[in-house]
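Survey of secondary and tertiary structure
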Amino acid sequence: MKYCYFLCALFIFITCSSDKNSDQAQYSLSVVPEDDTLKFSDLYDEYKLIHLKGAIVANVTDIVQIGDKYVIKCKSYESYEKRNNAAVVNLFSINGDFIKPIVSVGRASNEVLNVQVIRHNEYTNTLDVLCNYGQSIYQYSTENYELIGKIDLDKEEIISAESFLPIDKERYIVYKQFPYTNGQDYKLYVYNSKLNCVENKLLLMDEELAEKLSFTQNNNLFGHNGKILFYESFLQKVYQYSEGLIIPYIDFKENRFSVSDGFLDKASTDLVRLVSSLKESSYIWNHTNLFAFKDKIISFYTFNNQLYHCVMNLATQECKSYKYLSDDMIFNITVDNNVSDYDLIKTINDRAIYVIEPSVMKERLDGSIKINNNCKYILDLPDDSNPLLLIVK
């Protein structure tokens, strides 16, 4: 045990200086609100609609593809009469047929208190689930999806993680949004599950500000083309983790729409006051939920109480914002981004996955709108039907 602590201390001593890296980002982009419409056909060429079947499903929030199956984070019920026995991670076929529950909420030895994030760990070929309010990682076999391992994260340094990604067979990079320790907290930690210790701490956390900026954020930590990327609302950069270092990857150029540090310091005495001040401001804010797709990164932000799509084209180093979304491929409708008819939840390599609620879409459609013949079945679905997955590439 002393040897383990010595190794951990040595790792931290060597690597904690990594915050002193070059500030030169690989890409430099300017985010500017524009009154424009993003067309599906500008991003995608093909689509597939999948109707989830075989169990009552609600609140689809994450999805992982492993082989020819989908692992979906959602609430699944056997029937309306058994709605208290909800599985929160479930296995579906590639065509949307329910196969089995994987993770259920409860206090039994094979259950969890909650689930934050699901990942396919390609190094161990397991389904890794961050659970129990960010204190544990449960590992499931990808052959039968049974529980095969439990990892308890460091309760002195990390305590409660928001997200994570595997680095190799033994190590994870872990994101923490709020300060919980008595010492200095960081946003990112490298955790060695074999040695059960933190090897590295990256990006100092402004603890006072972090406690007040409790925005709901998804997909802060994500992988793309072999890179591990990190972003958090109000940061001016997207960061890349590489070989123990955290380096700038995308720099958001300061312009008249950028929230100044002085504004945050003045307005952030509490979250309610901050949000009220931001709503009345001429700043871009609540820039969250980044999704990497091919050579682009898609994100969302708020400006003048309106939600905008932001598409960053890394190949051309161009950034464009959109106030509206036009589905000119499937249902031929245009929606305001504030309306969540198309909820982007995941990008996997060259595909993006949206969740569509049939009852919401049916209200949008009428006899005067032309929709593709292979999608017309949605008009006959019950209003309480399971969600649809729209997979585009």
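What counts, and at which threshold
Residues numbered from 1 in each chain as written. Predicted model: local features only at pLDDT ≥ 70, side-chain atom pairs only at ≥ 80, totals over all residues. Heavy atoms only, no water. Helix = DSSP H or I, 4+ residues; strand = E, 2+ residues; numbered from the N terminus. Buried < 20%, exposed > 50% of the residue type's maximum accessible area, 1.4 Å probe, protein only. Contact = heavy atoms within 4.5 Å. Areas by Shrake-Rupley, 256 points an atom, 1.4 Å probe, with all protein chains shown as cover. Pairing = 2+ DSSP bridges. Patch = residues over 30% accessible without salt bridge, like charges linked within 9 Å, V, L, I, M, F, W, Y side chains within 5 Å. Salt bridge = Lys/Arg side-chain N within 4 Å of Asp/Glu carboxyl O. Lys, Arg positive; Asp, Glu negative; His and termini not counted. Charge placed at Lys NZ, Arg CZ, Asp CG, Glu CD. Arc of directions from axis to C-beta. Polar contact = N/O pair within 3.5 Å; in protein donor to acceptor, adjacent residues only side chain to side chain. Axes fitted to C-alpha atoms, helices over the stretch in contact; angles between N-to-C directions. Core = buried A, V, L, I, M, F, W, Y, C linked by side-chain atoms within 4.5 Å.

1. Here's the deal with the overall build of the chain
Each helix and strand in the chain was counted, giving 6 helices and 28 strands. For the chain, the proportion of its 393 residues judged to be buried stands at 55%. Contacts in the chain between residues far apart in sequence, at least 24 positions, make up 53% of those at least 6 positions apart. Here the chain displays about 18,700 Å² of accessible surface, and carbon together with sulfur accounts for 46% of that area.

2. Brief notes about the pairing of strand β15 (residues 197–204)
Of all 8 residues that make up β15, 7 are buried, and the element is covered over most of its length. Counting the residues between successive antiparallel strands, the hairpin from strand β14 (residues 186–192) to β15 contains 4 residues, one of them, Asn-196, with a positive phi of roughly 55°.

3. Considerations on a negative patch on the surface
On the surface, a cluster of negative charge is made up of Asp-206, Glu-254, Asp-261 and Asp-265. Considering the arrangement of structural elements, one finds Glu-254 in the loop between β19 (245–252) and α4 (261–267).

4. Observations regarding helix α5 (residues 271–279)
For α5, every residue scored as buried is listed here: Leu-274, Val-275 and Leu-278. Buried residues in α5, looked at end-on, bunch into an arc of 95°, giving them a common side.

5. Looking at the side chain of Ser-258
Note on placement: Ser-258 falls in the loop between β19 and α4. For Ser-258, a relative accessible area of 17% puts it in the buried group. From its side chain, Ser-258 meets the backbone nitrogen of Asn-255 in a polar contact 3.0 Å long. Apart from the residues lying within four places of it in its own chain, the contact partners of Ser-258 are Gln-236, Lys-253 and Tyr-283.

6. Focus on the sheet that holds strand β18 (residues 237–242)
Remark on secondary structure: sheet strands pair via backbone hydrogen bonds, oriented parallel or antiparallel. The mixed open sheet is built from 5 strands, whose spatial order is β1-β19-β18-β17-β16. Looking at the sheet topology across the chains shown, the edges are occupied by β1 (27–29) and β16 (221–224). Looking at each pair of strands side by side, their axes are set apart by 30° on average, direction ignored. Where β18 lies against β19, 6 bridges are found, and the strand directions are antiparallel.

7. As for the sheet that holds strand β21 (residues 296–303)
Taken together, 4 strands build an open sheet; the order of strands is β20-β21-β22-β23 and the sheet is antiparallel. The outermost strands of the open sheet, each flanked by one partner alone, are β20 (285–293) and β23 (318–322). Geometrically, the sheet is characterised by an average inter-axis angle of 20° between neighbouring strands, direction not taken into account. In this sheet, β23 lies alongside strand β22 (residues 306–313) in antiparallel orientation, the contact comprising 5 bridges. Considered in β23, the bridge of Asn-313 is made with Glu-318.

8. Observations concerning the nonpolar core
Among the nonpolar cores identified, the biggest contains 37 residues, and Leu-188 and Ile-250 are the most heavily contacted of them. Once residues within four sequence positions are removed from consideration, Ile-250 is found in contact with Ala-25, Tyr-27, Leu-29, Gln-236, Lys-237, Val-238, Ile-297, Met-312 and Leu-314. Counting residues in hydrophobic clusters, the runner-up holds 31 residues, among them Phe-293, Tyr-322, Tyr-354 and Cys-375.

9. A closer look at the pattern of salt bridges
As a working rule, side chains carrying opposite charge can pair if their charged atoms are close by. For the structure on display, the rule yields 17 salt bridges. For Lys-296, the salt bridge identified is with Asp-295, shortest N-O distance 3.3 Å. For Lys-362, the salt bridge goes to Asp-383, with nearest N and O atoms at 3.2 Å. With Lys-362 in helix α6 (residues 358–364) and Asp-383 in the loop between α6 and β28 (388–392), the pair connects residues that are 21 residues apart, well separated along the chain. Using a relative accessible area of 55% as the deciding quantity, one classes Asp-383 as exposed. In this structure, a network of salt bridges that share partners links the residues Glu-34, Asp-36 and Lys-320.

Everything listed is a geometric property; what it means functionally is a separate question.
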